[in-house]
Amino acid sequence: MGGNGYAHPETLVDTDWLAAHLDDAAVRVIDVDEDTTAYEQGHIPGSVGWNWTTDLHAAVGRDYLDRDALGHLLAEAGVDHDTTVILYGGNNNWFAAYAYWILRLRGFDKVKLLDGGRKKWELEGRGMTRLVTDHERTDFTVTGEENPQFRALRGEVLESVGSAVRMVDVRSPEEYRGERLAPPHLPQEQAQVPGHIPGAANVPWSQAANDDGTFKSAGELKALYAGKGITSDREVIAYCRIGERSSHTWFALHELLGYPDVKNYDGSWTEYGSLVRAPVELG
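Residues numbered from 1 in each chain as written. Predicted model: local features only at pLDDT ≥ 70, side-chain atom pairs only at ≥ 80, totals over all residues. Heavy atoms only, no water.

Draft legend 1. Region of interest: the domain arrangement of the protein. When its domains are assigned, the protein resolves into domain 1 (9-146) and domain 2 (149-273). Placing a centre on the C-alpha atoms of domain 1 and another on those of domain 2 gives a separation of 23 Å. Carbon and sulfur atoms make up 61% of the surface buried where domain 1 meets domain 2, a total of about 2300 Å² over both sides. It is R62, W94 and W101 that lose the most area in domain 1 upon contact with domain 2, and together they represent 30% of the buried surface on that side. Counting every contact that joins domain 1 to domain 2 gives two salt bridges. Here E255 and R104 are joined by a salt bridge, their closest N and O atoms 3.3 Å apart. If you look at where domain 1 meets domain 2, you find eleven residue pairs in polar contact (both at pLDDT 80 or more). (Domains from an automatic or database assignment. Buried area = accessible area lost by both parts, 1.4 Å probe. Salt bridge = Lys/Arg side-chain N within 4 Å of Asp/Glu carboxyl O. Polar contact = N/O pair within 3.5 Å; in protein donor to acceptor, adjacent residues only side chain to side chain.)

Dropping the structure here:
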C-alpha cells in the first residue's frame, strides 16, 4: 500500500504534482463537471473540457461511446499512446470519477484523478484561465481490453436481489428512503417510483471525501464501508441515480481500497425505479 494506505495510490495525483506538470507534453488534463458551463467560466491552464452529457454518451440509446468513438474523443484532446490523462471536476470529482470509470470500462488505463479536483485547486489559490489551448489532434486508438467486469446491467442486478451480493446505494438518505427521486437541485421525475433496492446499504458517496474534496484515507474508507457490511470478501454493486455518484464510490472501493469485485450499476435508480414489478423498499 502507498499514500494514505491506498491499494492503488497511482490512480491519484495531488495538486502539487499537477502544478509541476502542467507543461508536460505527456500529460493531458481534462475537465469533466456536472455544470457543463464550468469549463468556460474557468479551468486549469492547458486543460481540455468534456461535456459529460454530449461527449461521453452515444448519440442514440442509453449507453457510452464505444472504443472507437472514445479513441476519437481522446485523439481530439491531443492524447497519444504515451500520454497520461488527468481528470478533474467540481463537486468532489463526481463526474470526473464517472469519466474515469467509463475510460477504464472501455480499456483506457493511462488515467488518474486529481485528488480534490477543482475544489482543492481553487482553495489553494492556484491559477485558472478562460483561455482554451489548442492541442494537435493525434491518430490515437484505444488498444486495451475492455473491462465489462466493472459494470452491472439490470439483469444481473435483479438476479442479485436477496443474494450474497452487497448492494450499496450511494444517494442521499432522502433519496434512499424514497422522499426524493433526485438531488434537490435537479428535476424530481426521472424514475417512476421512489425507494431503493431491497437490502441495499445506504452510504452517501460524499462521505468518502474530506472537506477539501480529497478522498479520505484507506483506514477511514474501510471503516465507513465495513460499518455497513461492504467488505472486500463480497461482490459489491454500487448505484445512485444515473451512475455518476456511484462511479465515485466504485473508485473508492476498487481503486483505493482494492476490493476485487466491485461493479457500477450505471442504469441506477432511473432504470431500476422504472422497471415493472421490480422489488422496491421504502424507508
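Draft legend 2. Molecular detail of the UniProt feature "domain: Rhodanese" (unreviewed entry) in the protein. What UniProt calls "domain: Rhodanese" (unreviewed entry) maps, in this numbering, to residues 23-130 and 161-281. Note that residues 23-130 is 31% helix and 17% strand, and that its end C-alpha atoms are spaced 17 Å apart. (UniProt positions renumbered as here; feature names shortened; annotations may be inferred. Helix = DSSP H or I, 4+ residues; strand = E, 2+ residues; numbered from the N terminus.)

Draft legend 3. Seen up close, the pairing of strand β4 (residues 84-88). The element β4 is largely enclosed, with a buried count of five among its five residues. Of the two faces of β4, both are covered, the one formed by T84, I86 and Y88 as well as the one formed by V85 and L87. For β4 and strand β5 (residues 111-114), the ladder comprises three bridges, and the chain directions are parallel. The residue bridging V85 from the neighbouring strand is V111, located in β5. (Buried < 20%, exposed > 50% of the residue type's maximum accessible area, 1.4 Å probe, protein only. Pairing = 2+ DSSP bridges.)

Draft legend 4. Geometry of helix α8 (residues 218-226). Of all the residues in α8, the buried ones are A218, L221, L224 and Y225. Seen from one end, α8 has its buried residues packed into an arc of 125°, which puts them on one side. Those residues of α8 that are buried lie in contact with α9 (245-256). (Arc of directions from axis to C-beta. Contact = heavy atoms within 4.5 Å.)

Draft legend 5. Seen up close, the pairing of β5. One ladder, built from two bridges, connects strand β1 (residues 12-13) with β5; its direction is parallel. What sits directly across from V13, in β5, is L114. With helix α4 (residues 94-105) bridging β4 and its parallel neighbour β5, the resulting β-α-β unit is right-handed. (Right-handed = clockwise from strand over helix to strand, strands pointing away.)

Draft legend 6. Representation of the environment of V161 within the structure. Considering the arrangement of structural elements, one finds V161 in the loop between α6 (154-160) and β6 (166-169). By relative accessible area, V161 is classed as partly exposed at 23%. V161 sits 86 residues away from A75 along the chain, and the two C-alpha atoms are 41 Å apart. Apart from residues no more than four positions distant in its own chain, V161 is found in contact with M167, I197, P198, Y272 and P279.

Draft legend 7. Expanded view of the side chain of T270. With respect to the helices and strands, the residue T270 is situated in helix α10 (residues 268-272). T270 gets classed as buried once you look at its relative accessible area, which sits at 12%. Of note is the side chain of T270, whose polar atom sits 3.0 Å from the side chain of R62. Beyond its immediate stretch of four places on either side in the chain, T270 contacts R62, Q190, A191, R241 and I242.

Draft legend 8. Summary view of the packing of aromatic side chains. Counted by the stated rule, this structure contains 14 aromatic pairs. On the numbers, 6.3 Å between centres and 80° between planes, the contact of W52 with Y98 is edge-to-face. Taken as a pair, W52 in the loop between β3 (48-50) and α3 (67-76) and Y98 in helix α4 lie far apart in primary sequence, 46 residues in all. When sorted by exposure, W52 lands in the same class as Y98, which is buried. Between the aromatic rings of Y100 and F251, the centroid separation amounts to 4.9 Å while the plane-to-plane angle is 80°, which identifies the pairing as edge-to-face. Taken together, the residues span a long stretch of sequence, with Y100 in helix α4 and F251 in helix α9 at a distance of 151 residues. Each member of the aromatic cluster is reached from another via a ring pair, and the members are W52, Y64, W94, F95, Y98, W101 and W205. The ring of W121 has R126 lying over it, and the distance from NZ or CZ to the ring centre is 5.5 Å. (Phe/Tyr/Trp six-rings, centres within 6.5 Å; stacked < 30°, edge-to-face > 60°. Lys NZ or Arg CZ within 6 Å of the ring centre and 35° of its normal.)

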